[in-house]
Amino acid sequence: MTALLALEDITVRFGGVTALDSVALTVHEGQICALIGPNGAGKTTAFNTISRLVRPVSGSITFAGGDLLRRHAADLGKLGIARTFQNLALWPGMTVLENVMVGRHARGRTGLAGSLLGWPAAREDRELRARAYAMLDYFGITDVAHRDCTGLPFGTLKRVELARALIGDPRLLLLDEPAGGLTHGDVRELGEILLRLRDEHGITLLLVEHHMQFVMGISDSVVALDFGRNLVSGTPAELRDSPLLIEAYLGTPV
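Predicted model only: the values in this text are computed from it and were never measured. (Residues numbered from 1 in each chain as written. Predicted model: local features only at pLDDT ≥ 70, side-chain atom pairs only at ≥ 80, totals over all residues. Heavy atoms only, no water.)

**Student:** Outline empty space enclosed by the protein, supporting the account with residue identities and numerical values.
**Tutor:** All chains considered together, the criterion is met by 1 cavity of 30 Å³ or more. In this structure, the largest cavity spans a volume of roughly 150 Å³. What lines the largest cavity is a set of 16 residues, and nearest its centre among them are Lys158, Arg159, Leu162, Leu182 and Leu190. Within the residue set of the lining of the largest cavity, elements represented by two or more residues are α6 (154-166), β7 (172-176) and α7 (184-201). Here the element with the most residues in the lining of the largest cavity is α6; it accounts for 5 residues. Of the residues that constitute the lining of the largest cavity, the class distribution is 7 nonpolar, 2 polar and 7 charged. (1 Å grid on protein atoms, 1.4 Å probe; cavity = no way out; pocket = protein on both sides within 12 Å on 5 of 7 lines; lining within 4 Å. Points joined across faces, edges and corners; volume = space filled by probe spheres on them. Helix = DSSP H or I, 4+ residues; strand = E, 2+ residues; numbered from the N terminus. Nonpolar A, V, L, I, M, F, W, Y, C, P; charged D, E, K, R; others polar.)

**Student:** Which residues make up the pattern of salt bridges, and what values go with them?
**Tutor:** Taken as a whole and judged by the stated rule, the model has 9 salt bridges. One salt bridge connects Asp169 with Arg131, and the closest N-O pair in it is separated by 2.3 Å. Of this pair, Asp169 sits in the loop between α6 and β7 while Arg131 sits in helix α5 (residues 123-138); the two residues are 38 residues apart in sequence, bridging distant segments of the chain. What makes Asp169 partly exposed here is its relative accessible area of 37%. For the salt bridge of Asp220 with Arg198, the shortest nitrogen-to-oxygen distance reads 3.0 Å. (Salt bridge = Lys/Arg side-chain N within 4 Å of Asp/Glu carboxyl O. Buried < 20%, exposed > 50% of the residue type's maximum accessible area, 1.4 Å probe, protein only.)

**Student:** Can you lay out the packing of aromatic side chains for me, pointing to particular residues and giving the numbers?
**Tutor:** Any two aromatic rings considered together are summarised by their centre-to-centre distance and by the angle between their planes. As enumerated under the stated definition, the model contains 1 aromatic pair in all. Centroid distance Tyr138 to Phe139: 5.3 Å. Interplanar angle 80°. Geometry classified as edge-to-face. When its relative accessible area of 1% is taken as the criterion, Phe139 is described as buried. Seen from the ring of Tyr138, Arg196 lies directly overhead, with NZ or CZ sitting 4.6 Å from the centre. (Phe/Tyr/Trp six-rings, centres within 6.5 Å; stacked < 30°, edge-to-face > 60°. Lys NZ or Arg CZ within 6 Å of the ring centre and 35° of its normal.)

This is how it looks when you write it as structure tokens:
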């Protein structure tokens, strides 16, 4: 099985605090991998390191065989990496359609301003808008295409963010707590969407998540961190009753 993303011996320090201590992580192409652990385990730091928002003091990160640490955060879209955030990072004052279009502008030639303002009304602009509509249709939210994002239901906004991430045709999608704040029904639908992205489109997913039932229901592999270190990893079936994992979350040995 081909490794699309691999972290080896990644160490990150903030001042005198070691946030990640020789962390290793492998995400195989075409799989859903979940990164879990109690609060403060280092999950978000690991995500930010992969996203090139945090610089490790040692270790290596490879993506599709290339050295990711040599690239800047602005390069990720062209490399085929997209990310969503724990706190929705949508643009207020822009329509749902425009927010989705933003996700593709790094690969375009016309430029973001030209696309949104309609000058010139070029072929690329028409194709971008058509693609954005297609993404909204995929997520069942074409009815809000021309509405401002402000005031829309949280579950709808999560779909908008996913559509924006996917319009750039990523090979790897990083999801930061995608189930956070969703209703039970929304969580179930999100799981179905992510499985479709893997099965029908071959997209590899790495997610940070606290919702254990959600994680265990959709993941092919799970990596658990605790205090910035690797704790345990394996399939959901292998980790479901792991004493180490239960102790990390509950604070008492089993």
